[in-house]
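Letter by letter, the chains look like this.
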Amino acid sequence: MLIDKIKSNFLFIFLSILYFPLFKYYIYLNNNKGHTFLTSDWLINYNYGFVKRGLAGTIFFNLTSDPDLMLDIISGVLITIYLFIFYFLNKSFKSQKQNLISIILIFSPAAFLFPIYDSQGGFRKEIIGILALFIIASQFRNKNYRPYLTLGAFIYTFGIFSHSVNFFFLTTILFIIYKFYQSKNFYDYGLFIVPTLIYLLMYVVFSASENELYFIRDNICDDLRNMNLFNLCGHGSFDYLVWDINANYVITQNFIINERRSEHYIYILLFIISLIPYLFDKNIKNFFAPFFIISISFIPLFVFAIDWGRWIYIMSICFLSLYLISNKNTTNNSFMYVLIIFPIFFKLEHCCKPKFKMDVNYFIDNLNFLIFNLENIFLYKI
């Protein structure tokens, strides 16, 4: 009985263990006054006016005035979100017959190995949207699905008001409701469309000027100073808080076109490589349309923000959610088994300095990195 339980929940158990060193790392950061991206972004709040990523921070900031307790709560909540992601991913995995391709895609460097290879890509606010996505994907066979759909909508709504990056899960979510739930009930779609429209309306109506954004930023930083957490206002999330949409566009395009053009070509290559496992499914043509639509919906992220590795990661998670709950038809091509090296074939940096080499040493370095991560499960190394 116990063995059957372990087999049934193997994916949840394995991912939880695999991420254990990452969890230790995040707790270590927050035990040492936090990180200017991985922690500070969760503390941006509405206390001094509407900002596009303030809901989560408003809650954390108003739970306690004890800085150590607040950082402990952030660590605990974010690790719990990851565990729930693994739980609903496991349920999505069990909802359909899977194959080797499914396993390879889950442990792709563009999917669940992404924050392992680059810890700076972990603990970002898109984990809220990822959780909502897998809650919805896991329940399409459940006749009593509406409570889960409502839960997913609540988490999605919390996500978009905490960071606009979660808005980009909407296309995939609506496609799942249409294709897999086969719903004709506007209520099911409205659960996600209505809060999105409210968010967009609030963003337009209450959008702050540059001076107002500096006022909000400086006042939040004053609060952090009073809590002895002013280090979180160093270079990091609070710098980006004062950029309006025009500044985001100008700075990002200057960065991509004039400074790092060749490096962003590598991101395009890595994105293409991340899709290779899908080519070994005979039903690949069924994925062209949804993958293309999802890709088009992500274009604004690539235009207005420089974290291209993160955007590829989020897209890969969206593609994966659809593949796991789709009917599969694996090719008999024996070359497919070369995919077992896919987890070390490349790695994806969250921002700015992607690397890829068709070189044995590059692959060995990636393998050694994963081995080092596994060693950290048992050894207290940071």
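Residues numbered from 1 in each chain as written. Predicted model: local features only at pLDDT ≥ 70, side-chain atom pairs only at ≥ 80, totals over all residues. Heavy atoms only, no water.

Comments concerning the overall build of the protein chain
Counted only if it meets this: Each helix corresponds to a stretch of at least 4 residues labelled H or I by DSSP, and each strand to a stretch of at least 2 residues labelled E; elements are numbered beginning at the N terminus. Put simply, the radius of gyration uses C-alpha atoms, and a globule should come to 2.2 Å times the residue count raised to 0.38. Contacts between residues were defined by any pair of non-hydrogen atoms, one from each residue, lying within 4.5 Å. Here Asp and Glu are counted as negative and Lys and Arg as positive; His is not counted, and neither are the chain ends. For this purpose, a charge sits on NZ of Lys, CZ of Arg, CG of Asp or CD of Glu.
Along its length, the protein chain carries 20 helices and 0 strands. In terms of overall size, the protein chain behaves like a compact globule, its C-alpha atoms giving a radius of gyration of 21 Å where 382 residues would be expected to give roughly 21 Å. Of the contacts made within the protein chain by residues no fewer than 6 positions apart, 79% connect residues no fewer than 24 positions apart. The average position of the 29 basic charges and that of the 23 acidic charges among the side chains of the protein chain differ by 13 Å.

Overview of the side chain of Arg53
For the record, the criterion: Pairs of N or O atoms within 3.5 Å make up the polar contacts considered here, provided that, within protein, one atom can donate a hydrogen while the other can accept it, and that residues adjacent in sequence are counted only when both atoms are side-chain atoms.
Examined against the element boundaries, Arg53 turns out to sit in the loop between α3 (20–31) and α4 (55–63). At 2.9 Å, the side chain of Arg53 forms a polar contact with the side chain of Asp41. A polar contact of 3.4 Å, which involves the side chain of Arg53, links it to the side chain of His163. Those residues in contact with Arg53, other than ones at most four positions away along the chain, are Asp41, Ile44, Lys125, Phe161, Ser162, His163, Ser237 and Leu241.

Observations regarding the packing of aromatic side chains
Pairs of aromatic rings are described using the distance from one ring centre to the other and the angle between the two planes. The test is simple: Any Phe, Tyr or Trp ring, taking Trp's six-membered ring, that has another such ring centre within 6.5 Å forms a pair; planes under 30 degrees apart are called stacked, those over 60 apart edge-to-face, and the others tilted. For every residue, the accessible area (1.4 Å probe, protein chains only) is compared with the maximum for its type, and the residue is labelled buried under 20%, exposed over 50%, or partly exposed between those bounds.
Here the structure, examined in full by the defined rule, presents 43 aromatic pairs. Taken together, a centroid distance of 6.4 Å and an interplanar angle of 70 degrees make the contact between Phe23 and Phe123 edge-to-face. Remark: Phe123 occurs in the loop between α7 (114–117) and α8 (126–137) and Phe23 occurs in helix α3; sequence separation between them is 100 residues. The burial state of Phe23 is the same as that of Phe123; both residues are buried. Between Tyr278 and Tyr323 the ring centres are 5.5 Å apart and the planes differ by 85 degrees, which places this aromatic pair in the edge-to-face class. Placement of Tyr278 in the loop between α15 (261–274) and α16 (285–297) and of Tyr323 in helix α18 (residues 308–324) is noted, with a sequence separation of 45 residues between them. Since its relative accessible area comes to 0%, Tyr323 is described here as buried. Through successive ring pairs, a cluster of aromatic residues spans Tyr19, Phe23, Tyr26, Tyr82, Phe86, Phe112, Phe123 and Phe134.

Quick notes on the nonpolar core
We count it as follows: Among buried residues, those of type Ala, Val, Leu, Ile, Met, Phe, Trp, Tyr and Cys that are joined through side-chain atoms within 4.5 Å constitute a nonpolar core.
One finds Tyr19, Ile85, Phe112, Phe134 and Phe192 to be the most contacted residues of the largest nonpolar core, which totals 125 residues. Apart from the residues lying within four places of it in its own chain, the contact partners of Tyr19 are Tyr82, Phe86, Phe112, Pro115 and Ile116.

Notes on the environment of Leu270
Along the polypeptide, Leu270 turns up in helix α15. The exposure class of Leu270 is buried, given its relative accessible area of 0%. Residues Leu270 and Phe356, 86 residues apart in the sequence, show an inter-C-alpha distance of 7.8 Å. For Leu270, the contacting residues outside a window of four places in its chain are Phe346, Lys347, Leu348, Pro354, Lys355 and Phe356.

Examining the state of the cysteines
Put simply, the rule is: By definition, disulfides here are pairs of cysteine sulfur atoms that lie within 2.5 Å.
Enumeration according to the criterion identifies 2 disulfides in this entry. The disulfide partner of Cys221 is Cys233, and the S-S distance across this bridge is 2.0 Å. Torsion about the S-S bond of the Cys221 and Cys233 cystine: about -105 degrees, corresponding to left-handed handedness. Highlighted residues: Cys221 in helix α12 (residues 210–226) and Cys233 in the loop between α12 and α13 (237–241), separated in sequence by 12 residues. The pair Cys221 / Cys233 is uniform in exposure class, with both members buried. Two residues, Cys351 and Cys352, share a disulfide whose sulfurs are 1.9 Å apart. Pair check on accessibility: Cys351 and Cys352 agree, each one buried. When the cysteines engaged in disulfides are numbered in sequence order, the protein chain pairs them as 1-2, 3-4. The cysteine Cys318 is free of any disulfide, with Cys351 supplying the nearest cysteine sulfur at 20 Å.

Here we look at the environment of Tyr181
Its location among the elements puts Tyr181 in the loop between α10 (170–179) and α11 (186–205). Tyr181 sits in the buried class, given a relative accessible area of 10%. Residues Tyr181 and Phe271, 90 residues apart in the sequence, show an inter-C-alpha distance of 29 Å. The residues contacting Tyr181, other than those within four sequence positions of it, are Ile136, Gln139, Phe140, Tyr145, Leu149 and Ile176.

Here's the deal with a nonpolar patch on the surface
Basically, it comes down to this: A residue counts toward a patch only above 30% relative accessible area and without a salt bridge, and it is joined to like-charged neighbours within 9 Å or, for Val, Leu, Ile, Met, Phe, Trp and Tyr, to nonpolar neighbours within 5 Å. Residue-level accessible areas treat just the shown protein chains as cover; the underlying method is Shrake-Rupley with a 1.4 Å probe. Any carboxyl oxygen of Asp or Glu that lies within 4 Å of a side-chain nitrogen of Lys or Arg is treated as forming a salt bridge with it.
Together, Leu2, Ile6, Ile13 and Ile17 line one region of the surface with nonpolar side chains, adding up to about 350 Å² of accessible area. Of all the elements in the fold, those that place two or more residues in the nonpolar patch are α1 (2–8) and α2 (10–18). In this structure, Leu2 sits in helix α1.

Things to note about the pattern of salt bridges
Close approach of charged atoms allows side chains of opposite charge to pair. Per the stated rule, a full pass over the model turns up 8 salt bridges. Notably, a salt bridge pairs Lys33 with Asp68, separated by 4.0 Å at the nearest N-O pair. Residue Lys33 is found in the loop between α3 and α4, and its partner Asp68 is found in helix α5 (residues 67–94); the two are separated by 35 residues along the sequence. The shortest N-O distance in the salt bridge between Asp307 and Arg310 comes to 2.9 Å. With respect to class, Asp307 is no different from Arg310; both count as buried. One connected set of salt bridges, linked through shared partners, spans Arg124, Glu126, Asp307 and Arg310.

None of the figures reported here should be taken as evidence of function without further support.
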